[in-house]
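# Summary of the model geometry
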Amino acid sequence: MTETTHPQPPAPPSGGGAKTARSPEYRLARNALQGLREDLFHDAFAYRPLPHRRTDGPFVRRLPGRLRSAAEHLPHAAVGAAALVALGAGALSSGLPGGDVPALLIGLLCALPVLTTLVRPVGAFWLSLAVTPVVALIKSGSSDWPWMPGAFVCHLAVLVVVALRTRPRTAAWMWVLTAAYAFLSDVLFGGSYYYTNSGPMMVTSAFALLVVSVWHIRRTAEQEVTAQQTVTAHERSRRTLLEERTTIARELHDVVAHHMSVVAIQAEAAPYRVENPPPELERAFATIRENAVAALTELRRILGVVRAEDYEAPDAPQPTLADLDALLVNVRDAGLEVEKVTTGAVRELPPGVELSAYRIVQEALSNSLRHAPGAGARVEIGYVLGGLGLRVVNGPAPEPGLVKPSPGAGHGITGMRERVTMLNGEMTAGPTGDGGYEVAVFLPAAAVSDGDGGREGIEAGA
């Protein structure tokens, strides 16, 4: 006997409320009302002082010290000037200046919301809406409705300042509430007035808020672009660093793998070079070969991951300082007059030092060809006690030059520094006094001991 269970579809919601709750229109209205609550009702009278103006702009930072310090308070001065205009418009349009107490009261009421924007911007909007009917009641019988001249200037200034201090969505909600107040004032209380200034208020405020919103959007876009450019430059720098490290790891893999292979072959062939070798010697060479093969396997496993899929190991051996003459010939054929000077006792250096020195000179000469076409260059190689000194310096490009300098991506200097850091060396790079460029490097290298020389002799004879 078997029992079969059939999944039951979910029961439809009862009533029309749940169905409406899932409709796009309901979600849109709910999100809109939630935005209105967040922008204009939640913590409407929170203390948010107006910040000082930044003084690192292209124009302000050129001002003298005292003016630059005063420029920090420019936004506060602008708001104060708007409050004075609202005060004058409210007082002068209500009676004789200084002789009419209601006129002075109207002026103060019109200036108060504008000054409130300095510390409580959203609360200043509600205060401006509350002041508007109070001013209309104090100055009864005026032909202006619903905004008296002072209230008109006050509310318009408050809208602009609050929009500057908030976001475009808040500006849109303030305009909608202003339109609602204008509509209710004209319909419910504007019957005895032959003229209403709701239209001029809505058109003027719409243009002002539109300009502020466009400024906000452009500023936000510029900040996002700046942040993206910063991230892109950081990622480009990291990618350059990783690419150069990958190149160095590949080259070191080839160099070290070659020498480890030679060690393994030498250890395998050495017992056959001695007649009747003792068993201890055979076991020692066998152990050397096993360790060399194991080290080579681990080296290939670890460093092989840095190879790209299309990377092919070079057929020729890695270049050394002995190949610099061929490099200089190629550079001279490209149009760079280069001179080579060698000081000290020339000796063989470790493969990593030889390769890095060759690559550093190669990159420095490439930079000279790219950034100073037509200029001369000088390569100085100094074999000193404890290491190798390199100096590549080029003169300024001739003026006028037949070939224009080509900008680089900044990989060359990064690559040279990576190689020098890998070998615990020192490097300086920068312009010279005559307009050229100089790269100076010191690569430490241990002196070749007798034991190393004997090993090299065995490898050479193999």
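Structure's up top.
Note that the structure is predicted; figures quoted are calculated from it, not measured.

In a regular helix each residue adds 1.5 Å, so 19 residues correspond to 27 Å; helix α4 (residues 74–92) covers 27 Å between its end C-alpha atoms and thus fits that length. For α4, the set of buried residues is Val79, Ala83, Ala86, Gly90 and Ala91. Down the axis of α4, the smallest arc covering the buried residues is 120°, so these residues share one side. Turned more than 90 degrees from where α4 packs its buried face, Leu84 and Leu92 sit exposed.

For the structure on display, the rule yields 3 aromatic pairs. Consider the rings of Phe41 and Trp126, whose centres lie 5.2 Å apart with planes at 50°: the pair is tilted. Here Trp126 lies in helix α6 (residues 121–138) and Phe41 lies in helix α2 (residues 24–41), a separation of 85 residues in the sequence. A relative accessible area of 24% places Trp126 in the partly exposed class. Here Trp147 and Tyr181 contribute two aromatic rings whose centre-to-centre distance is 5.6 Å and whose plane-to-plane angle is 70°, an arrangement assigned as edge-to-face. With Trp147 in the loop between α6 and α7 (149–165) and Tyr181 in helix α8 (residues 168–189), this pair connects stretches of sequence that are 34 residues apart. This pair shows no difference in class: Trp147 is buried, exactly as Tyr181 is. One aromatic cluster in this structure is built from Phe41, Phe125 and Trp126.

What follows covers the pairing of strand β5 (residues 437–444). Relative to β5, strand β3 (residues 387–394) runs antiparallel, the two sharing 8 bridges. Of the residues in β5, the one forming a bridge with Arg391 is Ala440. Pairing between strand β4 (residues 426–431) and β5: 6 bridges, direction antiparallel. By the bridge assignment, Thr428 is partnered in β5 with Ala440. From the end of β4 to the start of β5, which pair antiparallel, there are 5 residues, and Gly435 there has a positive phi angle of about 100°.

A few words now on the layout of surface pockets. Of the volumes computed, that of the second largest pocket is approximately 690 Å³. Considering the residues around the second largest pocket, the lining is formed by 19 residues, among which Pro51, Pro75, Leu164, Trp215 and Arg219 are closest to the centre. Those elements giving two or more residues to the lining of the second largest pocket turn out to be α4, α7 and α9 (198–269). The greatest single-element share of the lining of the second largest pocket, amounting to 6 residues, is contributed by α9. When the residues that make up the lining of the second largest pocket are grouped by side-chain class, the tally is 9 nonpolar, 4 polar and 6 charged.

Quick look at a nonpolar patch on the surface now. Judged by side-chain polarity, Phe183, Leu184, Val187, Leu188 and Phe189 come together as a nonpolar surface patch covering roughly 560 Å² of accessible area. Along the chain, the position of Phe183 falls in helix α8.

All right, on to unusual backbone geometry then. For Asp43, which is not a glycine, the phi torsion comes out positive at approximately 50°. Inspection of the secondary structure assignment puts Asp43 in the loop between α2 and α3 (65–71). The exposure class of Asp43 is partly exposed, given its relative accessible area of 47%. Of note, Asn424 is a non-glycine position whose phi angle comes to about 60°, a positive value. Looking at where Asn424 falls in the secondary structure, it is placed in the loop between α13 (411–422) and β4.

Let's shift gears to α7. For α7, with 17 residues, the first-to-last C-alpha span of 25 Å sits near the 24 Å given by 1.5 Å per residue. Of all the 17 residues making up α7, 12 are buried; the element is thus mostly covered by neighbouring parts of the structure.

On to the nonpolar core. The biggest cluster of nonpolar side chains holds 40 residues, and the ones touching the most others in it are Leu40, Val114, Phe125, Trp147, Val158 and Met174. Mapped by element, the contributors of at least two residues to this core are α2, α4, α5 (101–116), α6, α7, α8 and α9. Per-element accounting of this core gives the leading share, 10 residues, to α7. Residues in contact with Trp147, not counting those within four places in the same chain, are Thr132, Phe152, His155, Thr178, Tyr181, Ala182, Asn197, Ser198 and Met201.

With respect to the secondary-structure elements, Ala124 resides in helix α6. C-alpha separation for the pair Ala124 and Phe45, spaced 79 residues apart in sequence, amounts to 8.0 Å. When residues no more than four places from it in sequence are discounted, the contact partners of Ala124 are Pro113, Thr116, Thr117 and Val158.

In this section: the side chain of Ser205. Inspection of the secondary structure assignment puts Ser205 in helix α9. Once you skip the residues sitting within four places of it in the chain, Ser205 turns out to touch Leu156, Leu159 and Trp175.

With that settled, consider the sheet that holds strand β1 (residues 337–343). Within a sheet, adjacent strands bond to each other through the backbone by hydrogen bonds, running parallel or antiparallel. Taken in spatial order, the 5 strands of this open sheet run β1-β2-β3-β5-β4, and their pairing is mixed. Strands at the two margins of the open sheet, each flanked by one partner only, are β1 and β4. Neighbour to neighbour, the strand axes of the sheet diverge by 10° on average, direction disregarded. The sheet contacts of helix α11 (residues 324–333) involve β1 and β2 (376–384), and relative to β1 the element is tilted by about 160°. In this fold helix α12 (residues 351–371) packs onto β1, β2, β3 and β5, with an angle of close to 5° to the strand it touches most, β3.

Definitions and limits used
Residues numbered from 1 in each chain as written. Predicted model: local features only at pLDDT ≥ 70, side-chain atom pairs only at ≥ 80, totals over all residues. Heavy atoms only, no water. Helix = DSSP H or I, 4+ residues; strand = E, 2+ residues; numbered from the N terminus. Expected span 1.5 Å × (residues − 1). Buried < 20%, exposed > 50% of the residue type's maximum accessible area, 1.4 Å probe, protein only. Arc of directions from axis to C-beta. Phe/Tyr/Trp six-rings, centres within 6.5 Å; stacked < 30°, edge-to-face > 60°. Pairing = 2+ DSSP bridges. 1 Å grid on protein atoms, 1.4 Å probe; cavity = no way out; pocket = protein on both sides within 12 Å on 5 of 7 lines; lining within 4 Å. Points joined across faces, edges and corners; volume = space filled by probe spheres on them. Nonpolar A, V, L, I, M, F, W, Y, C, P; charged D, E, K, R; others polar. Patch = residues over 30% accessible without salt bridge, like charges linked within 9 Å, V, L, I, M, F, W, Y side chains within 5 Å. Areas by Shrake-Rupley, 256 points an atom, 1.4 Å probe, with all protein chains shown as cover. Salt bridge = Lys/Arg side-chain N within 4 Å of Asp/Glu carboxyl O. Core = buried A, V, L, I, M, F, W, Y, C linked by side-chain atoms within 4.5 Å. Contact = heavy atoms within 4.5 Å. Axes fitted to C-alpha atoms, helices over the stretch in contact; angles between N-to-C directions.

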